[in-house]
Amino acid sequence: GQNIDQPTEMTATEGAIVQINCTYQTSGFNGLFWYQQHAGEAPTFLSYNVLDGLEEKGRFSSFLSRSKGYSYLLLKELQMKDSASYLCAVIPGANNLFFGTGTRLTVIP
Amino acid sequence: EPEVTQTPSHQVTQMGQEVILRCVPISNHLYFYWYRQILGQKVEFLVSFYNNEISEKSEIFDDQFSVERPDGSNFTLKIRSTKLEDSAMYFCASSEGFLAGGHLDFGPGTRLLVL
């Protein structure tokens, strides 16, 4: 079976840094994605990790440790528009994505 | 920037009726997918499609579901006899190649309500 764990909700202050953790246990692993989803909208791609280490893209960074089944998404210089759900997703098999339930982030002034 | 489009944006139907959800994937993408998201729950994989055939499907994708690429641009999901529990947001997605090394581009979704 497949399992992805993320915190359900987080709150952070505008301008701050927040780290959203994800742990996974899947039957296979061909990469891990982070997606952002605003309420009522489609998920949008943020990052992809397949090798251990940190991938940085502007205000967003994502880290992967395959041996620990662990990833995190780091958001810097938080803005109000970053209030959204952040979805961790794994490619467990050939070519489909298995999603976690997501972390709802609220940014407060 | 090219994007995945879906129609209709909302669909209300009676239990037992057939519905067809339509999608136009990004034109140079080769892999097409349907996902669904029941309100307040996670995004769930239904089916992937490549080279005019299903490449993978989940347990959710039973005999009530079918997919088709009727022409060079459209990709459809048909639910033959809808149930109350089919009420969800249905997302079409496409990718240029394999997900490993690439990513999914999602359409805006069709919100299906079965009464």
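Presented here is a report on the structure given in the accompanying data block. (Residues numbered from 1 in each chain as written. Chains lettered and ligands numbered in written order. Predicted model: local features only at pLDDT ≥ 70, side-chain atom pairs only at ≥ 80, totals over all residues. Heavy atoms only, no water.)

1. Some words on the overall build of chain B
Per the secondary structure count, chain B includes 0 helices and 11 strands. Counted from the first residue to the last, chain B has its helices and strands arranged as β-β-β-β-β-β-β-β-β-β-β. A compact globule built from 115 residues would reach a C-alpha radius of gyration of about 13 Å, and chain B, at 13 Å, matches this within 12%. For chain B, the C-alpha atoms occupy an extent of roughly 40 × 25 × 25 Å along the three principal directions. Taking contacts inside chain B between residues at least 6 apart in sequence as the whole, the part at least 24 apart equals 55%. Element-wise, carbon and sulfur atoms account for 48% of the exposed surface of chain B, whose accessible area totals about 5900 Å². For chain B, the distance from the average position of its 9 positive side-chain charges to the average position of its 15 negative side-chain charges is 6 Å. (Helix = DSSP H or I, 4+ residues; strand = E, 2+ residues; numbered from the N terminus. Rg over C-alpha atoms; globule rule 2.2 N^0.38 Å. Contact = heavy atoms within 4.5 Å. Areas by Shrake-Rupley, 256 points an atom, 1.4 Å probe, with all protein chains shown as cover. Lys, Arg positive; Asp, Glu negative; His and termini not counted. Charge placed at Lys NZ, Arg CZ, Asp CG, Glu CD.)

2. Looking at the overall build of chain A
When helices and strands are counted, chain A shows 0 helices and 11 strands. Listed N to C, the secondary structure of chain A is β-β-β-β-β-β-β-β-β-β-β in terms of helices and strands. Here the C-alpha radius of gyration of chain A, 13 Å, is about what a compact globule of 109 residues would show, namely 13 Å. Structurally, chain A occupies a C-alpha span of about 40 × 30 × 20 Å along its principal axes. Taken across its 109 residues, chain A has 50% of its residues classed as buried. (Buried < 20%, exposed > 50% of the residue type's maximum accessible area, 1.4 Å probe, protein only.)

3. Considerations on the pattern of salt bridges
Residue and element names in this part refer to chain A. Evaluated as defined, the whole model comprises 5 salt bridges over all chains. For the salt bridge of Arg66 with Asp52, the shortest nitrogen-to-oxygen distance reads 3.0 Å. Of this pair, Arg66 sits in the loop between strand S7 (60-65) and strand S8 (70-75) while Asp52 sits in the loop between strand S5 (44-49) and strand S6 (53-57), and the two are 14 residues apart along the sequence. A relative accessible area of 42% means that Arg66 is categorised as partly exposed. Since its relative accessible area comes to 43%, Asp52 is described here as partly exposed. (Salt bridge = Lys/Arg side-chain N within 4 Å of Asp/Glu carboxyl O.)

4. Focus on unusual backbone geometry
With omega at -10°, the peptide bond leading from Thr7 of chain B into Pro8 of chain B counts as cis. Within the element layout of this structure, Pro8 of chain B appears in the loop between strand S1 (5-7) and strand S2 (10-13).

5. Section: the layout of surface pockets
With a probe scaled to a water molecule rolled over the atoms, the places where space remains empty come into view. One number sums up the size of the largest pocket: a volume of about 500 Å³. As for the largest pocket, its lining consists of 23 residues, and the residues nearest its centre are Gln37 and Ser85 of chain A together with Gln37, Gly40 and Gln41 of chain B. Taken together, the elements giving at least two residues each to the lining of the largest pocket come down to strand S9 (84-90) and strand S11 (103-108) of chain A together with strand S9 (88-95) of chain B. It is S9 of chain A that provides the largest number of residues to the lining of the largest pocket, a total of 3 residues. Per-class residue counts for the lining of the largest pocket are 7 nonpolar, 12 polar and 4 charged. (1 Å grid on protein atoms, 1.4 Å probe; cavity = no way out; pocket = protein on both sides within 12 Å on 5 of 7 lines; lining within 4 Å. Points joined across faces, edges and corners; volume = space filled by probe spheres on them. Nonpolar A, V, L, I, M, F, W, Y, C, P; charged D, E, K, R; others polar.)

6. Concerning the state of the cysteines
All names here are of chain A. Scanning all chains against the criterion turns up 2 disulfides over all chains. A sulfur-sulfur separation of 2.0 Å characterises the disulfide bridge that pairs Cys22 with Cys88. Looking along the S-S bond of the Cys22-Cys88 disulfide, the torsion reads about -65°, which is the left-handed sense. Residue Cys22 is found in strand S3 (residues 18-25), and its partner Cys88 is found in strand S9; the two are separated by 66 residues along the sequence. (Disulfide = S-S within 2.5 Å.)

7. Describing the packing of aromatic side chains
Throughout the structure, instances matching the rule amount to 22 aromatic pairs over all chains. Seen in terms of ring centroids, Tyr31 of chain B and Phe98 of chain B are 5.4 Å apart; in terms of plane orientation they differ by 35°. Their pairing is tilted. In this pair, Tyr31 of chain B is assigned in strand S4 (residues 31-37) and Phe98 of chain B in the loop between S9 and strand S10 (105-106), connecting sequence segments 67 residues apart. Look at Phe98 of chain B and you get exposed, because its relative accessible area is 51%. Three or more aromatic residues joined by ring pairs make a cluster, and in this case those are Phe33, Tyr35, Phe45, Tyr48 and Phe99 of chain A together with Tyr33, Tyr35, Phe45, Phe91 and Phe106 of chain B. (Phe/Tyr/Trp six-rings, centres within 6.5 Å; stacked < 30°, edge-to-face > 60°.)

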